[in-house]
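Geometric and topological summary
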2 protein chains.
Amino acid sequence: MKKIAIIGAGNVGIAAAKALLEAPDMELCGFVRREEKTVPGFENVPVAKNVFELPEKPEGAIICIPSRLVEPVEAKLLESGIYTADCFDIHGELSAMRERLNFSAEKGNVSCVTGAGWDPGLDSVIRTMIFSVFPKREIYTNFGPGMSMGHTAAAKTVPGVADAVSLTLPLGKGKHARKIFVRPEPKADKHAVEHAILSDGYFEHDECSVEFVEDISPYFNTRHGVRIEQNFGAQAINFNMAADNPTLTGNILVSAMRASFLQKPGAYFMPEIPPCDFCEKGLEKYL
Amino acid sequence: MKKIAIIGAGNVGIAAAKALLEAPDMELCGFVRREEKTVPGFENVPVAKNVFELPEKPEGAIICIPSRLVEPVEAKLLESGIYTADCFDIHGELSAMRERLNFSAEKGNVSCVTGAGWDPGLDSVIRTMIFSVFPKREIYTNFGPGMSMGHTAAAKTVPGVADAVSLTLPLGKGKHARKIFVRPEPKADKHAVEHAILSDGYFEHDECSVEFVEDISPYFNTRHGVRIEQNFGAQAINFNMAADNPTLTGNILVSAMRASFLQKPGAYFMPEIPPCDFCEKGLEKYL
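Residues numbered from 1 in each chain as written. Chains lettered and ligands numbered in written order. Predicted model: local features only at pLDDT ≥ 70, side-chain atom pairs only at ≥ 80, totals over all residues. Heavy atoms only, no water.

**Overview of the domain arrangement of chain A**
In many analyses, interface size is given as the accessible surface area lost on bringing the parts together. All names here are of chain A. Per the domain assignment, the segments making up chain A are domain 1 (2-119 + 245-286) and domain 2 (123-244). Using only C-alpha atoms to locate each centre, domain 1 and domain 2 end up separated by 24 Å. Across the boundary between the two partners, domain 1 contributes 16 residues, which contact 22 residues of domain 2. Both faces combined, the contact of domain 1 with domain 2 buries some 1500 Å², and carbon together with sulfur accounts for 58% of it. The largest per-residue losses of area from domain 1 upon contact with domain 2 belong to Trp118, Asp119 and Asn245, which jointly make up 43% of the total buried on that side. Put simply, domain 1 and domain 2 have 2 salt bridges between them. Aspartate 200 is the partner of arginine 68 in a salt bridge, and the nearest nitrogen-oxygen pair spans 3.0 Å. Inspection of the region where domain 1 meets domain 2 yields 9 residue pairs in polar contact (both at pLDDT 80 or more). Contributing elements (two or more residues each) for the side of domain 1 that touches domain 2: helix H1 (11-22), helix H2 (67-79) and helix H7 (245-260). The element that contributes the greatest number of residues to the side of domain 1 that touches domain 2 is H7, accounting for 5 residues. Of the residues belonging to the side of domain 1 that touches domain 2, the class tally is 7 nonpolar, 6 polar and 3 charged. (Domains from an automatic or database assignment. Contact = heavy atoms within 4.5 Å. Buried area = accessible area lost by both parts, 1.4 Å probe. Salt bridge = Lys/Arg side-chain N within 4 Å of Asp/Glu carboxyl O. Polar contact = N/O pair within 3.5 Å; in protein donor to acceptor, adjacent residues only side chain to side chain. Helix = DSSP H or I, 4+ residues; strand = E, 2+ residues; numbered from the N terminus. Nonpolar A, V, L, I, M, F, W, Y, C, P; charged D, E, K, R; others polar.)

**Brief notes about the side chain of aspartate 200 of chain B**
Residues and elements named next belong to chain B. Considering the arrangement of structural elements, one finds aspartate 200 in the loop between helix H6 (190-198) and strand E11 (207-212). In this structure aspartate 200 comes out as buried when scored by relative accessible area, which is 13%. Polar contacts involving the side chain of aspartate 200 include one to the side chain of arginine 68, which spans 3.0 Å. (Buried < 20%, exposed > 50% of the residue type's maximum accessible area, 1.4 Å probe, protein only.)

**Description of the sheet that holds strand E3 (residues 47-48) of chain A**
Residue and element names in this part refer to chain A. Across the sheet, which stays open at both edges, the 7 strands sit in the order E3-E2-E1-E4-E5-E6-E14 with parallel pairing between neighbours. Every other strand in the sheet has two partners, leaving E3 and strand E14 (266-268) as the edge strands with one partner each. The pairing of strand E2 (residues 26-32) with E3 spans 2 bridges and is classified as parallel. Following the sheet pairing, phenylalanine 31 is matched in E3 by valine 47. Helix-sheet contacts for H2 involve strand E1 (2-7), strand E4 (60-63), strand E5 (83-86) and strand E6 (111-113), and the interaxial angle to E5 is about 160°. (Pairing = 2+ DSSP bridges. Axes fitted to C-alpha atoms, helices over the stretch in contact; angles between N-to-C directions.)

Structural data, given as structure tokens:
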């Protein structure tokens, strides 16, 4: 039974905690969060502002904080000899992220699985397998329509934003539009808020529009979906998935945490790990 | 550039040869088949009855003969220090097969990937990944409607059968019916033929019927499909694939051959291999 801490107690952190309760090979030994108060539904689980202040030192840590905050936290955990898994989701920065984490993982003689969420993560494995079979054809990944957790979290960090929801609208062939609903802070400069959102790296590559609203709740829905497709002539491959977004991400993170313990020291992406390492047992049933 | 031999020059062997032509890291150095005659479309490729009689000793061999003939052939190749990949497809015998091949692979200090076809194989990886994320829910694999290569090959080996096609008809929730069209040999005992087919391990678990026809060609169509599904509540995962069956199997075998060279000595199933090992390059593009 490996002892696991969860870093961050937002939607994903709570989902990962629930997934850990179902995992027979790991147990939750604490949350790390900014405010040292118990997590709803997990009142008996220790909480600390720092992983080293938890009653027990964890063997693994699942990192559930916004992507841009992940690296220094994860590097420190790895260098302290704690295995990790994260759902870092900024595609353009994955390689650099892995290189830096690899350094820390080797230093701590442990492993981490980075980019272990819905996409990158599970989708990356599906794309890699499709690519391995039909390497010459394009693969398109279409998200939504649904709420993007990464983009929502990014929009919320913009000064002047009280709350936000970013919806992903598929345009086909892997192209997307995004609609960001923002509840501004009372005296926010709306023009500056809109500009800051649209020029953020999360948004600058897509067709995005910002709408200011008094209440974001009509737009808040954690169900999301993806369709990965490769089609040409007689060949047609489609992977369709719809799920509650934090639940799925939490489940993937717990599987990645399990796999992390089985790898040689270093930092890994999910397609670099044998699929059976993500499972607790029972490969034979799925052959 | 790894030199690869193909064992067997039927539908799958020819498809694997075509896939090899597209692989920048491997080259076809010969076919091994019962009759020492050139393979249509590959007139310049050496042919021998035995792999050791080819002009060059291959570094790898892709085994494209009926499943029940695979093991002794593959064991000998492995013990001779030749890496292999096969598409052995008898699900109930996979574990025993792997155990025996593992012995030969370790003896020859090489690796093999066994069960590396459509199913088992690619489908097994998809099922393992779905299982890793939602371990408590059933996964259903639905084939067809289409022609099963394994079942067709099995039916053809029954005494009294001149030619045959076995169609797979999905009944939902992973259940299937099979319809076997048989052109009998002139003096065949049809009752005995039917009994022999229906009691074969390939057919005994499904709802099967045999129909005797003068011409199987109306039923011959190598396009086939699969739908792997796990659905409950808000969660819905569906992997749909339709393709020319031998082409897909040939492509998977070539990817498995590539991966075989990268593993430590032993016998592997596809879900035990990092997905990126099946690809020639370019993981980053698919993250």
